[in-house]
Amino acid sequence: MGRRIIFGFINAVVVLLMVLFLVNGCEQSILRDVVRSIVMGPEIVVKQGGADIPANSDFNVGSTGSNLDTTFVIENEGLEILMLTGDPTVDLTGADADALAFIVESQPGIDAIDPGDTVDFIIRLSASAILGTGVRTAVVHIPNNDHDEVSFSFSVTGTDSC
Ligand SMILES: [Ca+2]
């Protein structure tokens, strides 16, 4: 909470500075970019099939009788390097993750994403005769250094039709 207040304060100061630059009428683009990078920092965005997956939302991977892989994309829409700080980088929690119904089939290959760059990871829903048919769910955790989304997470749901 304290951090948000600090960033809010910094944002207010930056807006004031930008107005002053504008009034001044000078070319201040370099300084403006420096100020923006301080404020905006890294910005994590997670996508699947080109669509944003908001934090804390639920994504349905579908139904399978064997293995179903879904590729997700982590994008850095900020102006500083986005660090993926987890170990493992992408982690799954929940009873169905513990039972390996959902696994991270492929981790992001890097833990530092430059501004504008992306990295993929793959989550697999495994159908299992042991678990039987039913709906499976797990929570996907992507710890990172985005100022307001350091514990970015969302749910995945899918149906085991085995
Ligand atoms: Ca953010």
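Higher on the page you've got the structure.
The rules we used
- Residues numbered from 1 in each chain as written.
- Predicted model: local features only at pLDDT ≥ 70, side-chain atom pairs only at ≥ 80, totals over all residues.
- Helix = DSSP H or I, 4+ residues; strand = E, 2+ residues; numbered from the N terminus.
- Buried ≥ 20, exposed ≤ 12 C-beta atoms within 10 Å, placed from the backbone.
- Contact = placed C-beta atoms within 7 Å.
- Pairing = 2+ DSSP bridges.
- Axes fitted to C-alpha atoms, helices over the stretch in contact; angles between N-to-C directions.
- Core = buried A, V, L, I, M, F, W, Y, C linked by C-beta atoms within 7 Å.

Draft legend 1. Examining the overall build of the chain more closely. Helix and strand counts for the chain come out as 3 helices and 11 strands. Beginning at the N terminus, the succession of helices and strands in the chain can be written as α-α-β-β-β-β-β-β-α-β-β-β-β-β. Here the chain holds 162 residues, and 21% of them are scored as buried. Considering only residue pairs separated by 6 or more positions, the chain has 71% of its internal contacts joining residues 24 or more positions apart.

Draft legend 2. Quick look at the sheet that holds strand 6 (residues 91-93). Strand order in the open sheet made by the 4 strands is 3-11-10-6, with mixed pairing throughout. Where the open sheet ends on each side, the last strands, each with one partner, are strand 3 (58-64) and strand 6. Ignoring which end each strand starts from, the neighbouring axes of this sheet average 30 degrees apart. Across 3 bridges, the pairing between strand 6 and strand 10 (residues 134-143) is antiparallel. If you follow Thr-93 over to strand 10, its bridge partner there is Val-139.

Draft legend 3. Examining the environment of Thr-70 more closely. For Thr-70, the position within the fold is in strand 4 (residues 67-76). Along the backbone, Thr-70 and Glu-105 are 35 residues apart, and their C-alpha atoms lie at a distance of 9.2 Å. Residues within four places of Thr-70 in sequence aside, it is in contact with Gln-48, Val-61, Ile-122 and Ile-123.

Draft legend 4. Highlighting the nonpolar core. With 21 residues, the main nonpolar core has Val-46, Phe-102, Ala-138, Val-140 and Ile-142 as its most contacted residues. Sorting the residues of this core by element identifies strand 1 (44-48), strand 4, strand 9 (118-126), strand 10 and strand 11 (151-160) as the ones contributing at least two each. Among all residues touching Ala-138, those that are not within four sequence positions of it are Leu-92, Thr-93, Gly-94, Asp-96, Ala-97, Phe-102 and Val-156.

Draft legend 5. Region of the structure containing the environment of Val-156. Structurally, Val-156 is set in strand 11. Residue Val-156 is classed as buried on the basis of its C-beta count, with 24 C-beta atoms lying within 10 Å. Not counting residues up to four positions away in its chain, the partners in contact with Val-156 are Phe-59, Val-61, Phe-102, Ile-123, Thr-137, Ala-138 and Val-140.

Draft legend 6. The arrangement of the sheet that holds strand 7 (residues 102-106) in detail. As summarised here, the arrangement of the 5 strands in space is 2-1-4-9-7, forming an open sheet in which the pairing is antiparallel. Of all strands in the sheet, those with a lone pairing partner are strand 2 (51-52) and strand 7, marking the two edges. One ladder, built from 4 bridges, connects strand 1 with strand 4; its direction is antiparallel. By the bridge assignment for strand 4, Val-46 is matched with Ile-74.

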